[in-house]
Amino acid sequence: MRVAVIGTGYLGAVHAAGMAQLGFETVGVDVDEAKVERLQSGRSPFYEPGFDPILAEQVESGRLRFTTDFSQIADADVVFIGVGTPQKADSHAADMTYVDAAVASITPHLKDGALVAGKSTVPVGTAQRLAEYVAENTPEGVTAELAWNPEFLREGFAVQDTLHPDRLVFGVTSERAEKVLREIYANTIEEDGTPVVVCDLPTAELVKVAANSFLATKISFINAMAEICEAAGADVTKLADAIGHDARIGRKFLNAGVGFGGGCLPKDIRAFSARAGELGAGHALEFLAEVDKINTRRREHVVDLARVELGGDLRGRRVAVLGASFKPNSDDVRDSPALAVAGALHLSGAEVHVYDPKGMENAAKVYPTLTYAPSAEEALAGAELVIHLTEWQQFRDLDPAALVGTVKQPIVIDGRNALDPELWRGAGWTYIGLGRP
Ligand code: UDX
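Just so you know, these numbers come straight off a predicted model, no measurement behind them.

(A) Region of the structure containing the overall build of the protein. Secondary structure summary: the protein contains 18 helices and 14 strands in total. Compactness check: the protein gives a C-alpha radius of gyration of 23 Å against a globular reference of 22 Å for 437 residues, within 12% of the reference. On the principal axes, the C-alpha backbone points of the protein span a range of 75 × 50 × 45 Å. Burial statistics for the protein: of 437 residues in total, 50% are counted as buried. Contacts spanning at least 24 positions in sequence make up 70% of the contacts within the protein whose residues lie at least 6 apart.

Right under this line is the structure:
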């Protein structure tokens, strides 16, 4: 089988390389010429651990190629759609421009029997609409079908999640479509025993937003507990450990801190609520507005803590911010809590020095007015306050004893509860965790 992947962002590029790695001749299509050129030369346009070698190897082998020419999908048996669905500029709804454009661009080139498999996160009902579009607009004599196959990959683990997903969801309208998808994923189904859930189109679309809503809710739940812990003088990290031992709850995604960000969770819960409203079921998701509010409050709380630690006024105060990407092992700064806090501190008059191992180039495009330091040590030099906001291993490994003499005032706010309080306090620092005494 031959595969095409439309959209070469974090999702599409990794999926395309993964498909090639599994042995399928694969073409990745994107409208962004610079991105296509870079990928075609075997270099990734973004940082994703383990991706570069696979990309280079597959491009080199000729099994994987990238193009801006949609007619190149003409011999594909399966065409995956992996373009973005960002939040609309004027509402919380998802902007479907790119998905619609992708489907419109491929439909005239589809071959008879081709399967279009949507991966993007879309408002429920989109797949049915696109299925009708494809059925009506394929060239004379061509029958093509549409399926929905949501993607659950996490940035930072994209390669692993693509090649060895923890589950597969096939939203299909025929046995044939299911058979094609089973063939595409035969490797992981057979070797890893990956469970497959076969369902209808709307259920497949909903699985993705339901999963992300649950994860966002779990994070906001523990952050709400962090607020209570702060009021009561309790420790949210111990609380999370203790409730996490209950197998029904589980310890994952119970790390309290500055909250969630990224290109998925924040916009997905908003788009899901907006879609529920359109369906007349908005009341069912009212709690997601609260989840969002708790999350926003975390960022404000860190800024408030900083202001308190610096005696009530941030103007002219030198603050070091460790972290810019929305989570470690990623250079993605979309809706990054770290950058939001750094930006707010800057707006309040602080002199903010940011360091991130991979996210600074992207951060500088969004917040060019912040100062970007070449290393963590240089960000810290002369700081009156250090705020840790993205838990890169490199920051966990910092030696507080070596750094204590380089700052003006040894105070650290650990916005991820990821540094060792005893180690930092032992080295002479005032350590402030979130939701911890
Ligand atoms: C998420 C989903 O996990 C993934 O399944 C989906 O396909 C896309 O959206 P991703 O955005 O890559 O993936 O990041 P994720 O690991 O989920 O983290 C999201 C945010 O939550 C990050 O900002 C992270 O720092 C934060 N987070 C995560 C917490 O604040 N606490 C936690 O316990 C876990």
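(B) Highlighting the pairing of strand β6 (residues 145–148). What you see with β6 is no split at all: E145 and A147 on one side and L146 and W148 on the other are buried throughout. Taken together, the 4 bridges between strand β5 (residues 115–118) and β6 define a ladder with parallel strand orientation. From the neighbouring strand, L115 faces β6, where its bridge partner is E145. Traced from β5 through helix α5 (residues 126–137) to β6, the parallel crossover comes out right-handed.

(C) Region of the structure containing the pairing of strand β14 (residues 430–433). Here strand β13 (residues 411–414) pairs with β14 via 4 bridges, running parallel. Bridged to V412 within β14 is Y431. Between β13 and its parallel partner β14, the chain crosses via helix α18 (residues 421–426), and the hand of that crossover is right-handed.

(D) Expanded view of the confidence of the model for the protein. Summing up the model confidence of the protein, the mean pLDDT is 98 and the portion of residues at 70 or higher is 100%. With a pTM of 0.97, the predicted complex shows an ipTM of 0.98.

(E) Looking closely at the sheet that holds β13. With parallel pairing, 6 strands are arranged side by side in an open sheet as β11-β10-β9-β12-β13-β14. Each having just a single partner strand, β11 (371–372) and β14 make up the two edges of the open sheet.

(F) Broad picture of the UniProt feature "binding site: NAD(+)" (unreviewed entry) in the protein. If you check UniProt for "binding site: NAD(+)" (unreviewed entry), the listed places come out as D30, K35, T85, T121, E155, K267 and R334 in our numbering. These residues run over 305 residues, and the two farthest C-alpha atoms among them are 23.9 Å apart, placing them at more than one spot. Looking at the element boundaries, T121 is found in the loop between β5 and α5. Not counting chain neighbours up to four residues away, the residues in contact with T121 comprise T85, P150, K208, V209, C264 and D268. Relative to the helices and strands, E155 is located in the loop between β6 and α6 (158–163). For E155, the contacting residues outside a window of four places in its chain are Y10, E48, G262, K327, S330 and D332.

(G) Molecular detail of the domain arrangement of the protein. Domain boundaries in the protein define domain 1 (2–199) and domain 2 (200–437). If you average the C-alpha positions of domain 1 and of domain 2, the two centres end up 31 Å apart. Taken together, the contact between domain 1 and domain 2 spans 29 residues of the former and 27 residues of the latter. Elements with a contribution of two residues or more to the side of domain 1 that touches domain 2: α5 and β7 (168–171). For the side of domain 1 that touches domain 2, the leading source of residues is α5, giving 4 residues. Taken together, the residues of the side of domain 1 that touches domain 2 sort by class into 18 nonpolar, 10 polar and 1 charged.

(H) Molecular detail of the site of the ligand. Near the ligand lie 20 residues; those nearest to it are E155, N255, F260, G262 and C264. Classifying every residue of the shell around the ligand gives 10 nonpolar, 6 polar and 4 charged. Looking at the shell around the ligand, you find at least three residues from each of domain 1 (2–199) and domain 2 (200–437).

(I) Summary view of the nonpolar core. In terms of nonpolar packing, the biggest core is built from 84 residues, with A4, I6, V79 and V116 touching the most fellow members. Ranked by residue count, the leading element in this core is helix α9 (residues 201–232), at 9 residues. For this core, the domains that each give at least three residues are domain 1 (2–199) and domain 2 (200–437). Residues in contact with V79, not counting those within four places in the same chain, are A4, I6, I73, I106, A114 and V116.

(J) Just the packing of helix α1 (residues 10–21) against helix α3 (residues 51–61), in detail. Axis separation between α1 and α3 bottoms out at 9 Å; the angle between their running directions is 55 degrees. As the angle between them shows, α1 and α3 are arranged oblique. For α1 against α3, the interelement crossing comes out left-handed. Residue-level contacts link V14, A17, A20 and Q21 of α1 to F51, I54, L55 and Q58 of α3. Split by residue class, the contact of α1 with α3 holds 6 nonpolar, 2 polar and no charged.

Each value, and the rule that gives it
- Residues numbered from 1 in each chain as written.
- Predicted model: local features only at pLDDT ≥ 70, side-chain atom pairs only at ≥ 80, totals over all residues.
- Helix = DSSP H or I, 4+ residues; strand = E, 2+ residues; numbered from the N terminus.
- Rg over C-alpha atoms; globule rule 2.2 N^0.38 Å.
- Buried ≥ 20, exposed ≤ 12 C-beta atoms within 10 Å, placed from the backbone.
- Contact = placed C-beta atoms within 7 Å.
- Pairing = 2+ DSSP bridges.
- Right-handed = clockwise from strand over helix to strand, strands pointing away.
- pLDDT = per-residue confidence, 0-100.
- UniProt positions renumbered as here; feature names shortened; annotations may be inferred.
- Domains from an automatic or database assignment.
- Nonpolar A, V, L, I, M, F, W, Y, C, P; charged D, E, K, R; others polar.
- Near = placed C-beta within 6 Å.
- Core = buried A, V, L, I, M, F, W, Y, C linked by C-beta atoms within 7 Å.
- Axes fitted to C-alpha atoms, helices over the stretch in contact; angles between N-to-C directions.
- Parallel < 35°, antiparallel > 145°, perpendicular 65-115°, else oblique.
- Left-handed = near helix turned anticlockwise from the far one by under 90°.

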